[in-house]
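# Structural overview for review
This is what each chain is made of:
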Amino acid sequence: MPTYIVLLGPPGVGKGTQAGILAKRLNLPHISSGDIFRENIKKDTELGKLAQSYMSKGELVPDDLTIAMIRERFSRPDCERGAILDGFPRTPAQADNLENMLSGFGGKVNLVPFITAPSEVLMERLVGRWTCRAKGHIFHERFNPPKAPGVCDIEGSPLFQRDDDKAETVIHRIAVYQEQTMPLVQYYQNRGVLAEINGYAPIEDVTSQMVSALKK
Ligand code: AP5
Ligand code: MG
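Below you will find a few notes about this structure.

About the cut-offs
Residues numbered from 1 in each chain as written. Chains lettered and ligands numbered in written order. Predicted model: local features only at pLDDT ≥ 70, side-chain atom pairs only at ≥ 80, totals over all residues. Heavy atoms only, no water. Pairing = 2+ DSSP bridges. Helix = DSSP H or I, 4+ residues; strand = E, 2+ residues; numbered from the N terminus. Axes fitted to C-alpha atoms, helices over the stretch in contact; angles between N-to-C directions. Contact = heavy atoms within 4.5 Å. Near = heavy atom within 4 Å. Polar contact = N/O pair within 3.5 Å; in protein donor to acceptor, adjacent residues only side chain to side chain. Nonpolar A, V, L, I, M, F, W, Y, C, P; charged D, E, K, R; others polar. Salt bridge = Lys/Arg side-chain N within 4 Å of Asp/Glu carboxyl O. Core = buried A, V, L, I, M, F, W, Y, C linked by side-chain atoms within 4.5 Å. Buried < 20%, exposed > 50% of the residue type's maximum accessible area, 1.4 Å probe, protein only. Phe/Tyr/Trp six-rings, centres within 6.5 Å; stacked < 30°, edge-to-face > 60°. Lys NZ or Arg CZ within 6 Å of the ring centre and 35° of its normal.

## Digging into the sheet that holds strand β2 (residues 30-32)
The strands that make up a sheet pair up through hydrogen bonds in the backbone, lying either parallel or antiparallel. Read from one edge of the open sheet, five strands run β2-β3-β1-β4-β8, paired in parallel fashion. Sheet topology places β2 and β8 (194-198) at the edges, where each strand pairs with a single neighbour. Direction aside, the axes of adjacent strands within the sheet are offset by 20° on average. Of the strands in this sheet, β1 (3-7), β2 and β3 (82-86) touch helix α1 (residues 15-26), which is tilted by about 170° from β3.

Here's what the structure looks like:
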């Protein structure tokens, strides 16, 4: 049976960091909707141009565009064994669509780690985040510093700061999350797959909590 894990939680809580670790451990693809949008922006595609106008303001990209993009990603065979989903779904309409897509593989969402941390922690994490230009590996200037400042340990590529990590955009992203994404907590609780994870802990502790939830 394939294993599909959906990481749920506010901006900056550590979804990308934990998805990267879990994907490696479980040998499953890491599917980050935000990363796919940023890749499209970098390549200046039509989707990238449309997505950027929402992302730069901290708004969600409309459901139809986001769902079509994820559908395309799920059409590739590596998703048949399962996947770690990071940043998708983010609205009930996206979650309903995901259920349909997975049923096509005879699968379903098996676990939803719901990661939380206080808002001031999220802000501190986002303003200090540095991301690898080549592959999106994630660092933090204090909590997870690269060996050489400004250079990715893994790819050797330059690190950059996301332009939606400015304080005022972060505040708006958190509000959008509370309004549009929080309903998914109840959605997945109703399906019996939600696991509450304390994200205000060292990276390895957060991973251990997720691994224990997976074993249950
Ligand atoms: P997206 O890229 O998904 O951003 P996000 O949800 O706002 O989350 P982040 O990537 O900012 O945080 P994260 O939880 O991944 O934390 P990270 O591991 O990096 O989306 C961006 C935009 O794209 C959206 O605003 C929207 O416009 C659009 N979009 C994307 N998906 C969409 C969808 N489905 N529908 C519509 N629109 C969509 O960690 C943060 C920092 O903290 C790092 O520096 C890290 O090193 C550090 N850190 C991590 N864990 C710890 C720890 N335990 N202790 C200390 N530091 C830590
Ligand atoms: Mg992320």
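## A look at the site of ligand 1
As a structural note, the neighbourhood of ligand 1 is formed by 37 residues, with T17, E59, R90, R129 and R173 the closest of them. Note that an oxygen atom of ligand 1 is positioned 2.6 Å from one of the side-chain N or O atoms of R129. Looking at the shell around ligand 1, the elements that each hand over two or more residues are α1, α2 (33-42), α6 (119-127), β6 (138-140) and α9 (203-215). Ranked by the residues each element gives to the shell around ligand 1, the list is headed by α2, at four residues. The class makeup of the residues in the shell around ligand 1 is 16 nonpolar, 12 polar and nine charged.

## Remarks on the pattern of salt bridges
For the structure on display, the rule yields 13 salt bridges. Here K42 ties to E39 by a salt bridge, and the two come within 3.9 Å at their closest N and O atoms. Within this pair, K42 and its partner E39 are both found in helix α2, separated by three residues, close to a single helical turn. Through salt bridges with shared partners, one network takes in R129, R162, D164, D165 and R173.

## Thoughts on the nonpolar core
Ranked by internal contacts, the top residues of the largest apolar core, which has 30 residues, are F74, L98, V112 and Y188. Looking at this core, the elements with two or more residues in it are β1, α3 (46-55), α4 (63-74), β3, α5 (92-103), β4 (109-116) and α8 (183-190). In contact with L98, other than residues within four places in its own chain, are V6, F74, L85, F88, P89, V109 and Y188. V13, I84, I197 and V206 belong to the second largest nonpolar core, which has 19 residues in total.

## Side note on the side chain of Q18
In this fold, Q18 is placed in helix α1. Residues in contact with Q18, not counting those within four places in the same chain, are L7, I203, V206, T207 and M210.

## Observations regarding the packing of aromatic side chains
Scanning all chains against the criterion turns up four aromatic pairs. Centre to centre, the rings of Y4 and F105 are 6.5 Å apart; their planes meet at 15°, and the pair counts as stacked. Placement of the pair is Y4 in strand β1 and F105 in the loop between α5 and β4, with a sequence separation of 101 residues. The class for Y4 is buried, based on a relative accessible area of 0%. Assessed through its relative accessible area of 25%, F105 is described here as partly exposed. Residues Y187 and Y188 carry aromatic rings whose centres are separated by 5.0 Å and whose planes lie at 75° to one another, so their mutual orientation is edge-to-face. Here Y188 falls in the buried class, since its relative accessible area comes to 2%. Ring-pair connections join several aromatic residues into one group, and the members of that group are Y4, F74 and F105. For R133, the ring lying beneath its charged end belongs to F160, and the centroid distance is 4.2 Å. In this structure, R191 is placed above the aromatic ring of Y187, and the distance from its NZ or CZ to the ring centre is 3.8 Å.

## Observations regarding the sheet that holds strand β7 (residues 159-160)
If you walk across this open sheet you meet the three strands as β6-β5-β7, and the pairing is antiparallel. Of all strands in the sheet, those bounded by a partner on one side alone are β6 and β7. Pairing geometry for strand β5 (residues 129-132) and β6, over three bridges, is antiparallel. If you follow R129 over to β6, its bridge partner there is H140.

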